[in-house]
2 protein chains.
Amino acid sequence: MAATSITAMSKILAITGGVGGAKLALGLSKVLASDELLFAVNTGDDFDHLGLHISPDIDSLTYALAEENNQELGWGRQGETWQFIESLEALGGESWFRLGDKDMALHTQRTQLLNSGASLSDATASITQALNIAHTVAPMTNTPVRTIVHSDQGDLAFQHYFVREQCQPAVTGFSFNGLADARLNPVIENWLERCTGVIICPSNPYVSVDPLLKLNGFAERLTDLPVVAISPIVGGLAIKGPAAKMMAELDVPASAYAVAQHYEHHYPGLMNGYIVDKTDEKEASRITDGLRIPTIATNSIMVTLQDRVDLAHTTLGFLRDLTP
Amino acid sequence: MAATSITAMSKILAITGGVGGAKLALGLSKVLASDELLFAVNTGDDFDHLGLHISPDIDSLTYALAEENNQELGWGRQGETWQFIESLEALGGESWFRLGDKDMALHTQRTQLLNSGASLSDATASITQALNIAHTVAPMTNTPVRTIVHSDQGDLAFQHYFVREQCQPAVTGFSFNGLADARLNPVIENWLERCTGVIICPSNPYVSVDPLLKLNGFAERLTDLPVVAISPIVGGLAIKGPAAKMMAELDVPASAYAVAQHYEHHYPGLMNGYIVDKTDEKEASRITDGLRIPTIATNSIMVTLQDRVDLAHTTLGFLRDLTP
């Protein structure tokens, strides 16, 4: 495979949130070996629910890499059934978070591992290995970080905003409880010592990528590395999730341009290249000129596995071109 | 219904363990109204597993009274599926206790209620009401009691003996951790103030009935009441569970006689009447004469719902005959 030689000496760090980023992550995992690619995953969406530690972004990536993700639903696990949650509802239990019967096993096993003293990183490694995933899925930190959505209906824990309230409240901002005291996962720290390039997957900039980049010293560690981000906004819409709705509510135009501007404003000089969808080809030159960030346009709407692999190749090629 | 007039003024306490006792319990629930019958249930089999508080005997009775018990398996819930436990096993989790997907909902809801401060009795009431069970299912105590099986393979927590080791170890005795400090459930205490008769269901005398009768002051409270027990041993065999195997290992003949002897030895004068299966008709007169406990023989093998109702009628009629 051409890309294998291109990236033979690569040590790529891919920063990702949930479902959207996980699509590119799967593509990257088909192109790079497990010693060439490490995933750093948002844990700000994690929450404790029904006595379980739930890590939605880690789980979305895990199911995607195991090719066990539920393609009909767009979230959760393949071949899922709902006997647990329907029975819980009938007993008067809390059923707004739709836990599938198979999915319950993952949360239960993680919680058991954490309760027996494992770090979130070790628990994740145990689970991904059991699912025959070769690549390392590294939670951004082993310290609990909890994203809070500030909204016209008050402060909401992320899953309460995202699932229970179905993103209806209008957001006014975000905070990340525990982030100031959180330490970057040592697995990621070690990888950074030999890292040759960074990919920011097409995930929500506010609630998926920011929690990672705001981690103590993390963004600073990336400044000497080539960093390419892929826009999660295509033609003014979010492919998945509430990113476009959030931008509108924050009085930011929902555009690929605005996402680049967000990264450049908060992490000046961090991003060395940017990828937008071919729908937004006109924005590419505006970004290249206006923000002085080299930007290319390509197909970034990943429907098939081949789409995922193609975008992975394009991203890695671009990253190579940006490497001094 | 004839029995309704017979027992119109009854306040019956039925002492029961799991599946075996629950059969008669269902029969009794068809004959007596919810203000005429209260179930006092063993909690010595309870255990904490995968972060859940599991109460096997309460659950067996709950599913039986809701007519949701799994008749194919002989345990657990009707219409059950196994996606959770099979997925947990694939993740390397602890899967020897076969938790069904629907069953998980009950354990999760109970654990949530307990963690939010409810007593086991209140949590049970909430769950049984949600399942439209009219009668009160009263855990023997709200204090944790844990049955320990002493065996040739050392001391085993009850579910480890019963499920994980499938009753293979040879028992040498039993102890009940926490029993000395446990207080009888106040719901049962209140019922005893107006109680007119007690039925000891055909449950295992060692691990289902003894934990109840050994509760502080409980057996003493019953001495002035008519008490009828039904033998769980029929023709030298246990209808359900390891009672006969345990008796053999404890060097006690596995017989209806030996069960009566056990009760009479440990709780002298408690039992006023005893019911054996018609298979053991010859034992009935031996028990009446030898132990001076009036004993009748009837069909106690409950296959159909009508069998359960019939035994309930027979038991209540016998109890009435024994009432001064």
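Here is what the cut-offs are and how they apply
- Residues numbered from 1 in each chain as written.
- Chains lettered and ligands numbered in written order.
- Predicted model: local features only at pLDDT ≥ 70, side-chain atom pairs only at ≥ 80, totals over all residues.
- Contact = placed C-beta atoms within 7 Å.
- Helix = DSSP H or I, 4+ residues; strand = E, 2+ residues; numbered from the N terminus.
- Nonpolar A, V, L, I, M, F, W, Y, C, P; charged D, E, K, R; others polar.
- Buried ≥ 20, exposed ≤ 12 C-beta atoms within 10 Å, placed from the backbone.
- Axes fitted to C-alpha atoms, helices over the stretch in contact; angles between N-to-C directions.
- Parallel < 35°, antiparallel > 145°, perpendicular 65-115°, else oblique.
- Left-handed = near helix turned anticlockwise from the far one by under 90°.
- Pairing = 2+ DSSP bridges.
- Least-squares fit on C-alpha atoms with pLDDT ≥ 70 in both.
- Expected span 1.5 Å × (residues − 1).
- pLDDT = per-residue confidence, 0-100.
- Core = buried A, V, L, I, M, F, W, Y, C linked by C-beta atoms within 7 Å.

At the junction of the two partners, chain B supplies 24 residues and chain A supplies 24 residues. Breaking the side of chain B that touches chain A down by element, the ones donating at least two residues are helix H4 (83-90), helix H5 (101-115) and helix H6 (120-130) of chain B. Counting residues per element, the side of chain B that touches chain A draws most heavily on H5 of chain B, at 10 residues. In terms of residue class, the side of chain B that touches chain A is made up of 10 nonpolar, 12 polar and two charged.

Where burial is concerned, most of helix H3 (residues 56-65) of chain B is hidden: 10 out of the 10 residues are buried. For H3 of chain B, the set of buried residues is Pro56, Asp57, Ile58, Asp59, Ser60, Leu61, Thr62, Tyr63, Ala64 and Leu65 of chain B.

Residue and element names in this part refer to chain A. Position of Ala312 relative to the elements: it lies in helix H14 (residues 305-322). Given 27 C-beta atoms within a 10 Å radius, Ala312 is considered buried. As for Ala312 and Lys23, which are separated by 289 residues in sequence, their C-alpha atoms are 9.7 Å apart. Among all residues touching Ala312, those that are not within four sequence positions of it are Leu24, Gly27, Leu28, Lys30 and Val31.

Residue and element names in this part refer to chain B. Two elements in contact, helix H12 (residues 256-266) and helix H13 (residues 281-290), have axes whose closest approach is 9 Å; the angle formed by their N-to-C orientations is 25°. Classified by the interaxial angle, the pair formed by H12 and H13 is roughly parallel. The interaxial crossing formed by H12 with H13 has right-handed handedness. Listed contacts from H13 to Ala256, Tyr257 and Ala260 of H12 are Glu283, Arg286 and Ile287. Across the contact of H12 with H13, the residue classes tally to four nonpolar, no polar and two charged.

So, on to the sheet that holds strand E10 (residues 227-230) of chain A. Residues and elements named next belong to chain A. Spatially, seven strands are ordered E5-E2-E1-E9-E10-E13-E14 in an open sheet, and the strand pairing comes out parallel. Either end of the sheet is taken by a strand with one partner, and the two such strands are strand E5 (136-139) and strand E14 (295-298). Direction aside, neighbouring strands of the sheet carry axes that sit 20° apart on average. Each of strand E1 (12-16), strand E2 (37-41) and E10 is contacted by helix H2 (residues 19-31), which is oriented at about 160° to E1, the strand it contacts most.

What follows concerns the relation of the copies chain B and chain A. Mapping chain B onto chain A calls for a screw motion: a turn of 180° about the axis and a shift of 0.0 Å along it, with 0.0 Å RMSD after fitting. Within this description, the copies of the chain are treated as partners about a two-fold rotation axis. If distances are taken from each C-alpha of chain B to the rotation axis, the shortest is found for Asp101 of chain B, at 3.0 Å. A shared binding surface is used by both copies, with 100% of the interface residues of chain B retained as interface residues in chain A.

For helix H5 (residues 101-115) of chain A, built from 15 residues, the straight-helix expectation of 21 Å at 1.5 Å per residue is met to within 8% by its first-to-last C-alpha distance of 21 Å. The buried fraction of H5 of chain A amounts to 11 of the 15 residues, a majority that puts the element mostly inside the structure. Within the span of H5 of chain A, buried status applies to Asp101, Lys102, Asp103, Met104, Ala105, Leu106, Thr108, Gln109, Arg110, Gln112 and Leu113 of chain A. Those residues of H5 of chain A hidden inside the fold are in contact with strand E4 (52-54), helix H3 (56-65), helix H4 (83-90) and helix H6 (120-130) of chain A together with H4 and H5 of chain B. Count one or two residues on from H5 of chain A and you reach Gly117 of chain A, which has phi positive near 105°.

Do not read the fine detail of predicted coordinates wherever pLDDT is low. For chain A, mean pLDDT is 95; residues scoring 70 or higher make up 97% of the total. Scored below 50 in pLDDT, residues 1-8 of chain A shows nine contacts in the model against residues more than four places distant or in partner chains.

Bringing the pairing of E14 of chain A into the picture now. Residue and element names in this part refer to chain A. Going residue by residue along E14, you find Thr295 and Ala297 tucked away on one face and Ile296 and Thr298 left uncovered on the opposite face. Pairing analysis gives four bridges linking strand E13 (residues 273-277) to E14, with the strands arranged parallel. Note on E14: the bridge partner recorded for Tyr274 is Thr295.

So, on to unusual backbone geometry. Residues and elements named next belong to chain B. One non-glycine residue, Asp251, adopts positive backbone phi at about 65°. Relative to the helices and strands, Asp251 resides in the loop between helix H11 (243-249) and H12. Of note, the phi angle at Arg292 is positive, near 55°, even though the residue is not glycine. Within the secondary structure, Arg292 is located in the loop between H13 and strand E14 (295-298). Residue classification places Arg292 among the exposed residues on the basis of 9 C-beta atoms within 10 Å.

Attention shifts here to the nonpolar core. By size, the foremost hydrophobic cluster in this structure holds 81 residues, and its most contacted members are Ala14, Ile15, Ala25 and Ala40 of chain B. Contact partners of Ile15 of chain B, with chain neighbours within four places excluded, come to Ala40, Val198, Ile199, Ile200, Cys201, Val209 and Leu212 of chain B. Core analysis: the second largest hydrophobic core is formed by 80 residues, Val137, Met247, Tyr257 and Leu319 of chain A among them.

With respect to the helices and strands, Gly93 of chain B occurs in the loop between H4 and H5. In this structure Gly93 of chain B touches Ala105, Thr108, Gln109 and Gln112 of chain A together with Leu88 of chain B, once residues within four positions along its chain are discounted.

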